Amino acid sequence: MTHAEPLLDVRDLRVTFDIRREGDMPWSPPRLLHAVGGVNFALNPGETLGIVGESGSGKSTLARALIGLVPANGHAIWQDGTDLIGLSPRRMLRYRNDIQMVFQDPLASLNPRMTVGQIIAEPLRTHHPGLSRAEIKTRVKENMERVGLLPNQINRYPHEFSGGQCQRIGIARALIVEPKLIICDEPVSALDVSIQAQVINLLADLQRDLGLALIFIAHDLSVVKHISDRVLVMYLGRVMELAEAQSLYAAPQHPYTQALLSAVPVPDPELERSKTIIPLAGELPSPMSPPSGCVFRTRCPRAQAACAESVPELMGSPTHLTACHFPGKLSEEEVALAVQAEAEPA
Ligand SMILES: Nc1ncnc2c1ncn2[C@@H]1O[C@H](COP(=O)(O)OP(=O)(O)O)[C@@H](O)[C@H]1O
Ligand SMILES: [Mg+2]
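Computed from a prediction, not measured in an experiment: that's the story for all the values here. As a convention, each chain's residues are numbered from 1 in the sequence order in which they are written. The lettering of chains begins at A and the numbering of ligands begins at 1, in the order of writing. Reporting of local features is limited, given that this is a predicted model, to residues whose pLDDT is at least 70; pairs of side-chain atoms are given and counted only at 80 or more, and all residues count toward the totals for whole chains, interfaces and linings. Note: side-chain values were computed over all heavy atoms of the structure, leaving out hydrogens and water.

## Quick look at helix α9 (residues 255-262)
Working step 1: Three exposure classes are used, based on accessible area relative to the maximum for each residue type with a 1.4 Å probe and protein chains only: buried under 20%, partly exposed in between, and exposed over 50%. Runs of E in the DSSP output that reach at least two residues are strands. Runs of H or I that reach at least four are helices, and both are numbered from the N terminus. Here α9 lies mainly inside the structure; 6 of its 8 residues are buried.
Working step 2: Residues of α9 that are buried: Pro255, Tyr256, Thr257, Gln258, Ala259 and Ser262.
Working step 3: Looking at the buried positions of α9, the neighbouring elements they touch are α7 (221-224), β8 (230-235), β9 (238-244) and α8 (245-250). A contact between two residues is defined here by any heavy atoms of the two lying within 4.5 Å.

Okay, structure coming up:
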């Protein structure tokens, strides 16, 4: 792990949406939805950070806030000292070159009326308007090759490609401006399982060869396991655990991470049958009224009175941080009680 200045230092990042409904009067109180509730992490140059959390936990909103697509509070300090939060679109443009995104739905994120060549060239035209047509074409072909596409397919349209190939087009489009960071928002969630590994391996190879930093968002801990240097686990807009991948998978400290990991299928059928999935109590609370204190406490097998009183801070060692008042491995009794409570709800 490097000890240089972080590429990006995110401090207390918050995103709140006011979702007034039809029929609300101008003087009606705002309806506030806390999509991201105070996220902290630092990303090192060349590092791959996996961000995991179930649907609605604020992963996409966090990513969009970093590049100025949704208004946010808090800080995201780029390595040159600039705070990206609240930058004017004009000043943000420079950083939008260095931070590229790859989206979930490969086909939907590509303009159907543009050829692959035009799509991949688009960020180059935005950020480097002085380049000649010939230079642009050379760079498009180089990047097609780099992601495993045939350069002679440059004049084809997105619908002529498979989902996995469309995602390669999206990756080439992100790479062409030589960014320092690519944020991949569930880049493989829409792909067949057999194709997922190919795209993950491509991203891992590119990350290694080009020294890129990656933020790799997924809803499943198994997807980011092999690609991530560190993993950040989100729940209801907050960071539950942030640790080096090896440490997180071998010894998860947060009860939520333990529950997520217990649900990941294991390849050995005998182990799969005999393992216990740690159930989560009740329903996912609404981000409009998150629980007081620890937002996970209403579903936690270990919750105590103290959990309602104060928000747990991320604590532990620099390589393994947990936001929990009572971190550590759940005992067999705790798991058994949770399973029992699930079987006979009150
Ligand atoms: N533009 C928006 N306006 C209002 N609410 C939003 C908007 N975008 C996201 N949300 C809400 O914010 C929460 C987090 O959403 P999102 O960031 O998409 O989660 P994830 O990517 O982890 O599935 C959800 O409750 C979602 O409904
Ligand atoms: Mg999302």
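## Considering the packing of helix α5 (residues 163-175) against helix α6 (residues 193-210)
Working step 1: Axes here mean lines fitted to C-alpha atoms, for a helix over just the part in contact, with angles spanning 0 to 180 degrees between N-to-C directions. Across the interface, α5 lies against α6 with an axial gap of 10 Å and an inter-helix angle of 20 degrees. Accordingly, the angle class assigned to the pair α5 and α6 is roughly parallel. The interaxial crossing formed by α5 with α6 has right-handed handedness. Residues Gly164, Gln167, Arg168, Ile171 and Leu175 of α5 form the contact with α6, whose own contacting residues are Ile195, Gln198, Val199, Leu202, Leu203, Leu206 and Leu210. Here is the rule for angles: anything less than 35 degrees is roughly parallel, anything more than 145 is roughly antiparallel, 65 through 115 is roughly perpendicular, and the remaining ranges are oblique. By definition, turning the near helix anticlockwise from the far helix through less than a right angle yields a left-handed crossing, and turning it clockwise yields a right-handed one.

## Observations concerning the layout of surface pockets
Working step 1: Method remark: on a 1 Å grid restricted to protein atoms, a set of points is classed as a cavity if a 1.4 Å probe fits but cannot get out and as a pocket if it is open with protein on both sides within 12 Å along at least five of seven lines; lining residues have an atom within 4 Å of a point. Grid points are joined across faces, edges and corners, and a volume is the space filled by probe spheres set on the points. Here the largest pocket defines a volume of roughly 760 Å³.
Working step 2: Take the lining of the largest pocket: its biggest share by element is 3 residues, from α9.
Working step 3: Classification convention: Asp, Glu, Lys, Arg as charged; Ala, Val, Leu, Ile, Met, Phe, Trp, Tyr, Cys, Pro as nonpolar; all other residues, Gly among them, as polar. Taken together, the residues that form the lining of the largest pocket break down as 13 nonpolar, 8 polar and 4 charged.
Working step 4: For the domain bounds, the source is a domain assignment made automatically or taken from a database. Both domain 1 (8-250) and domain 2 (254-346) contribute no fewer than three residues apiece to the lining of the largest pocket.

## Here we look at the nonpolar core
Working step 1: The set of buried Ala, Val, Leu, Ile, Met, Phe, Trp, Tyr and Cys residues whose side-chain atoms join them within 4.5 Å is what this entry labels a nonpolar core. Of all hydrophobic cores here, the largest spans 61 residues; its most connected members are Ile171, Phe216 and Val231.
Working step 2: When residues in this core are grouped by element, the largest group, 6 residues, is from α5.
Working step 3: Formed jointly, this core draws a minimum of three residues from each of two domains, domain 1 (8-250) and domain 2 (254-346).
Working step 4: Ignoring anything within four residues of it in the chain, the contact list for phenylalanine 216 reads Leu49, Gly50, Ile51, Cys184, Pro187, Ile200, Leu203, Val223, Val224 and Ile227.
Working step 5: Residues Val15, Phe41, Ala65 and Ile99 belong to the second largest nonpolar core, which totals 36 residues.

## Some remarks on helix α1 (residues 59-66)
Working step 1: With respect to burial, α1 is a largely interior element, 6 of its 8 residues being buried.
Working step 2: Inspection of α1 places Lys59, Thr61, Leu62, Ala63, Ala65 and Leu66 among the buried residues, and these make up the whole buried set.

## Some details on the site of ligand 1
Working step 1: Taken together, 13 residues lie around ligand 1, and Gly56, Gly58, Lys59, Ser60 and Thr61 are the ones closest in.
Working step 2: Polar contacts, as counted here, are pairs of nitrogen or oxygen atoms within 3.5 Å of one another; within protein the pair requires one atom able to donate a hydrogen and one able to accept it, and residues that are adjacent in sequence qualify only if both atoms are side-chain atoms. Between ligand 1 and the protein, one listed contact pairs an oxygen atom with a side-chain N or O atom of lysine 59 at 2.8 Å.
Working step 3: Take threonine 61: an N or O atom from its side chain is 2.5 Å from an oxygen atom of ligand 1.
Working step 4: Computed on the free molecule, ligand 1 has an accessible area of 560 Å², of which 64% lies beneath the protein chains in the complex.
Working step 5: For the shell around ligand 1, the elements supplying multiple residues, two or more each, are β2 (32-43) and α1. Throughout this document, a residue counts as near a molecule or strand when at least one of its heavy atoms sits within 4 Å of that molecule or strand. Every accessible area reported is derived by Shrake-Rupley at a probe size of 1.4 Å, with residue values counting cover from the shown protein chains alone.

## Concerning the domain arrangement of the protein
Working step 1: Domain annotation of the protein identifies domain 1 (8-250) and domain 2 (254-346).
Working step 2: Counting from both sides, the interface comprises 26 residues of domain 1 and, opposite them, 22 residues of domain 2.
Working step 3: Taking both sides of the interface into account, the surface hidden between domain 1 and domain 2 amounts to around 2,300 Å²; carbon and sulfur atoms contribute 66%.
Working step 4: In terms of surface lost to domain 2, no three residues of domain 1 exceed Tyr235, Leu236 and Met240, which account for 29% of the buried area on that side.
Working step 5: Salt-bridge detection follows one rule: a side-chain nitrogen of Lys or Arg within 4 Å of a carboxyl oxygen of Asp or Glu. Across the domain 1-domain 2 interface, the total number found is 0 salt bridges.
Working step 6: If you look at where domain 1 meets domain 2, you find 9 residue pairs in polar contact (both at pLDDT 80 or more).
Working step 7: Within the residue set of the side of domain 1 that touches domain 2, elements represented by two or more residues are β2, α7, β8, β9 and α8.
Working step 8: If one sorts the elements of the side of domain 1 that touches domain 2 by residue count, β9 sits on top with 7 residues.
Working step 9: The class makeup of the residues in the side of domain 1 that touches domain 2 is 15 nonpolar, 5 polar and 6 charged. When two parts are brought into contact, each loses some accessible area as probed by a 1.4 Å sphere; the total of that loss over both is the buried area.

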